[in-house]
Amino acid sequence: MSAMIRTRAAERGQALVLMVGGMVAVIAMVALIVDGGNAWSQQRVVQNGTDATAEAGAIVMAQRFAGVTAPAPGWDATVQSAITTASAANAVTVAAAYYTDICGIPLRPDGSAALNADGSANLAVADQVGSGALPATVSTTPNCPSHVVGPAAGVMVLGRKVIQTFLAGAVGLNAITVSKQSTAAAGYLQESCTADAGDSCALLPVTIPVDIVNCNGSNNAVNTGTPWILGQVYKVPLCKNGPGNVGWLDWTPPGGGSSELISSIQNPNNPAISLPSWQYVTSTGNPNASGIESAIRAYDGQIVLIPQFDLTCNTGNNAAPPDSTSPAINTAPNYGCPAGDLGGNGQNQWYRLPSFAHFQLCSVNVTGCAAVGASYGAYTNGNNSQVCDTGNGATSCLVGKFVQIESSGTIGPGVGGGSSNINSVGIQLIR
């Protein structure tokens with residue numbers, strides 16, 4: 001009898017062990033589903049954060065390409081600061097960051113390729129961001145397939161994020177580390193300007209809204225809130241002076257009058273412009289100087305770069321004389337414009353430029369222009385209602401089609417995109 005009791009007790013003990021083991025297995029399976037699924041979903045979050053961090057470093061490299069004056073801390077420290085700020089904003093930890101050429105090949109401090117014999121990256125000898133200096137500049141032209149490297153142009157970021165588990169702690173796994181790698185590089189844009197215009201785009205000192213604008217019955221600007229459509233011919237109206245309308249930019253404020261504006265159109269003299277940025281507008285609306293129309297018509301049929309704006313700011317709140325101190329580059333809602341100064345009235349104020357339009361001015365040879373009655377790209381003398389008035393009361397306008405919108409990078413001094421050493425610089429994620 002006692003032997004039978006001992007046998008049953010042993011069986012109950014074995015069943016308990018099996019049940020506990022089964023429960024652990026069930027918990028492990030549920031943890032795999034819950035925590036594994038969470039880790040899987042976090043991979044995209046970490047990838048996006050690492051992408052943004054690499055792009056932040058590449059933006060600084062783009063500024064260097066475009067001829068921006070070297071920052072006081074030096075380029076390496078500025079790249080490192082941009083990466084640190086972006087990684088914190090995206091809740092990503094940067095394990096390491098390395099300089100690359102435009103092909104994404106990591107570089108040694110002497111500018112040569114940090115590669116193994118099989119062509120894989122050798123990060124042990126690569127030049128890290130924060131080392132004190134950028135890699136030395138090499139004179140070779142980069143060739144990606146053959147691993148011939150060029151000058152430092154990009155940043156490779158190794159990002160990671162530690163994710164606390166929900167259930168896996170029961171089986172000893174308290175956290176999961178998700179790691180991702182991103183490389184972003186900066187370089188001269190070889191876009192529509194080179195392909196269609198045969199030369200670098202001229203950058204006109206005029207800014208238009210990011211959305212379609214019309215004039216109302218009183219000839220005031222009305223923003224429709226609808227973006228311009230690429231490839232469609234538009235008559236961009238010049239309503240009467242006031243914020244929200246086309247604005248004529250002065251690169252050296254305060255204003256220098258129509259003669260300075262004409263000179264800037266004929267011989268583009270803009271500084272290096274990073275996107276986004278604030279630029280000073282000395283005249284809005286419809287300057288009627290005949291020289292302005294003639295200067296723009298010299299580009300008829302060509303693609304020009306035209307800055308686009310989304311906000312205006314009257315720093316100093318209509319101070320006299322106008323305050324020509326640029327608002328800070330900042331985030332929404334005011335983007336650096338002091339409280340109470342957003343919007344403003346009249347001219348002599350700041351316009352925020354988030355993008356540039358590649359705009360092909362009309363001519364008799366541009367498809368679609370004849371259909372809207374436009375033989376030229378500029379009608380700015382104030383007496384062209386026959387062409388410009390589409391039921392909106394406009395007497396002046398620019399006419400052409402939007403070929404491309406550029407919303408990142410830095411526009412170099414003088415002109416926009418092309419193959420010369422003064423052109424439009426952009427950034428791109430490589431991998």
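The structure presented is a predicted model; accordingly, all values stated were derived computationally and were not measured.

Asker: Explanation requested: helix H4 (residues 257-266) in the structure shown.
Answerer: Think of an α-helix as turning once every 3.6 residues; residues three or four places apart then point the same way. Among all positions in H4, only Leu261, Ile262, Ser264 and Ile265 are buried. Looking straight down H4, one finds its buried side chains confined to an arc of 160°; they lie on one side. Residues of H4 that are buried sit in contact with strand S9 (247-249) and helix H5 (290-297).

Asker: Can you help me understand the side chain of Ser87 in this one?
Answerer: When you line up the elements, Ser87 lands in helix H2 (residues 75-89). By relative accessible area, Ser87 is classed as buried at 8%. A distance of 2.9 Å separates a polar atom in the side chain of Ser87 from the backbone oxygen of Thr84. Beyond its immediate sequence surroundings of up to four residues, Ser87 is in contact with Thr53, Val92 and Val94.

Asker: Sorry, what's going on with the nonpolar core here?
Answerer: One broad trend across soluble globular proteins is that nonpolar side chains are buried collectively. One finds Val236, Trp248, Ile265 and Ile296 to be the most contacted residues of the largest nonpolar core, which totals 27 residues. Listing elements by their share of this core, those giving two or more residues are strand S5 (206-209), strand S6 (211-215), strand S8 (233-237), H4, H5, strand S12 (303-309), strand S15 (355-361) and strand S17 (397-406). Ranked by size, the runner-up nonpolar core spans 26 residues in total, among them Met61, Trp75, Ala97 and Leu107.

Asker: I would appreciate a short explanation of unusual backbone geometry in the present structure.
Answerer: The backbone phi angle of Ala91 is positive, close to 55°, even though this residue is not glycine. Topologically, Ala91 is positioned in the loop between H2 and strand S1 (93-100). In this structure, Tyr335 takes a positive phi of about 55° despite not being glycine.

Asker: I'm lost on the confidence of the model for the protein in this one. Help?
Answerer: The predicted structure's coordinates, where accompanied by low pLDDT, should not be read in detail. Averaged over the protein, the pLDDT score is 79; the fraction of residues at 70 or greater is 77%. For the protein, per-element mean pLDDT is lowest for helix H3 (residues 192-197), which scores 42, and highest for S1, which scores 95. Counting contacts from residues 194-199, a segment whose pLDDT is below 50, to residues more than four positions away or on other chains yields 9 contacts. For residues 417-422, every residue scores under 50 in pLDDT, and the model assigns this stretch 24 contacts once sequence neighbours within four places are set aside.

Asker: What should I look at first to understand the packing of H4 against H5 in this one?
Answerer: Running from N to C, H4 and H5 point in directions that differ by 5°, and their axes come no closer than 9 Å. Classified by the interaxial angle, the pair formed by H4 and H5 is roughly parallel. The residues of H5 that touch H4, namely those facing Leu261, Ile262, Ile265 and Gln266, are Gly291, Ile292, Ala295 and Ile296.

Asker: I would appreciate a short explanation of the packing of aromatic side chains in the present structure.
Answerer: On inspection of all chains with the given rule, the structure shows 7 aromatic pairs. Between Phe359 and Phe402, the ring centres sit 4.9 Å apart and the planes meet at 70°, which makes this aromatic pair edge-to-face. Of this pair, Phe359 sits in strand S15 while Phe402 sits in strand S17; the two residues are 43 residues apart in sequence, bridging distant segments of the chain. Its relative accessible area of 0% is what places Phe402 among the buried residues.

Asker: Sorry, what's going on with H2 here?
Answerer: Taking 1.5 Å per residue as the helical rise, H2 with its 15 residues ought to reach 21 Å, and the 21 Å between its terminal C-alpha atoms agrees with that figure. All of the buried residues in H2 are Trp75, Asp76, Thr78, Val79, Ala82, Ile83, Ala86 and Ser87. Taken end-on, H2 shows its buried residues confined to a sector of 165°, consistent with a single buried face. Facing away from the buried side of H2, by more than 90 degrees, are the exposed residues Thr85 and Ala88. Ala91 sits one or two residues past H2 and shows a positive phi near 55°.

Asker: Quick question: what am I supposed to make of the pairing of S15 here?
Answerer: Residues in a regular strand project their side chains so that they alternate between the two faces of the sheet. Most of S15 sits out of view: 7 of its 7 residues are buried. Relative to S15, S12 runs antiparallel, the two being bridged by 6 bridges. Of the residues in S15, the one forming a bridge with Gln308 is Ser355. Strand direction decides the pairing type here: S15 and S17, joined by 6 bridges, are antiparallel. Pairing of Phe356 across the sheet is with Glu406, part of S17.

Asker: What's the story with the side chain of Ser355 in this structure? I'm lost.
Answerer: For Ser355, the position within the fold is in strand S15. Apart from residues no more than four positions distant in its own chain, Ser355 is found in contact with Val210, Leu275, Pro307, Gln308, Ile405, Glu406 and Ser407.

Asker: Looking at this model, I keep getting lost on the state of the cysteines. Mind explaining?
Answerer: This structure, assessed with the given rule, holds 3 disulfides. The disulfide partner of Cys362 is Cys369, and the gap between their sulfur atoms is 2.0 Å. Here the S-S torsion is close to -85°, and the disulfide linking Cys362 with Cys369 is therefore left-handed. Note on Cys362: relative accessible area 0%, which makes it buried. We classify Cys369 as buried; its relative accessible area is 1%. Disulfide partner of Cys388: Cys397, at an S-S distance of 2.1 Å. Taking the sign of the S-S torsion, -70° for the link of Cys388 and Cys397, the bridge is left-handed. There is no split in this pair, since Cys388 and Cys397 are both buried.

How each quantity is defined
- Residues numbered from 1 in each chain as written.
- Predicted model: local features only at pLDDT ≥ 70, side-chain atom pairs only at ≥ 80, totals over all residues.
- Heavy atoms only, no water.
- Buried < 20%, exposed > 50% of the residue type's maximum accessible area, 1.4 Å probe, protein only.
- Helix = DSSP H or I, 4+ residues; strand = E, 2+ residues; numbered from the N terminus.
- Arc of directions from axis to C-beta.
- Contact = heavy atoms within 4.5 Å.
- Polar contact = N/O pair within 3.5 Å; in protein donor to acceptor, adjacent residues only side chain to side chain.
- Core = buried A, V, L, I, M, F, W, Y, C linked by side-chain atoms within 4.5 Å.
- pLDDT = per-residue confidence, 0-100.
- Axes fitted to C-alpha atoms, helices over the stretch in contact; angles between N-to-C directions.
- Parallel < 35°, antiparallel > 145°, perpendicular 65-115°, else oblique.
- Phe/Tyr/Trp six-rings, centres within 6.5 Å; stacked < 30°, edge-to-face > 60°.
- Expected span 1.5 Å × (residues − 1).
- Pairing = 2+ DSSP bridges.
- Disulfide = S-S within 2.5 Å.

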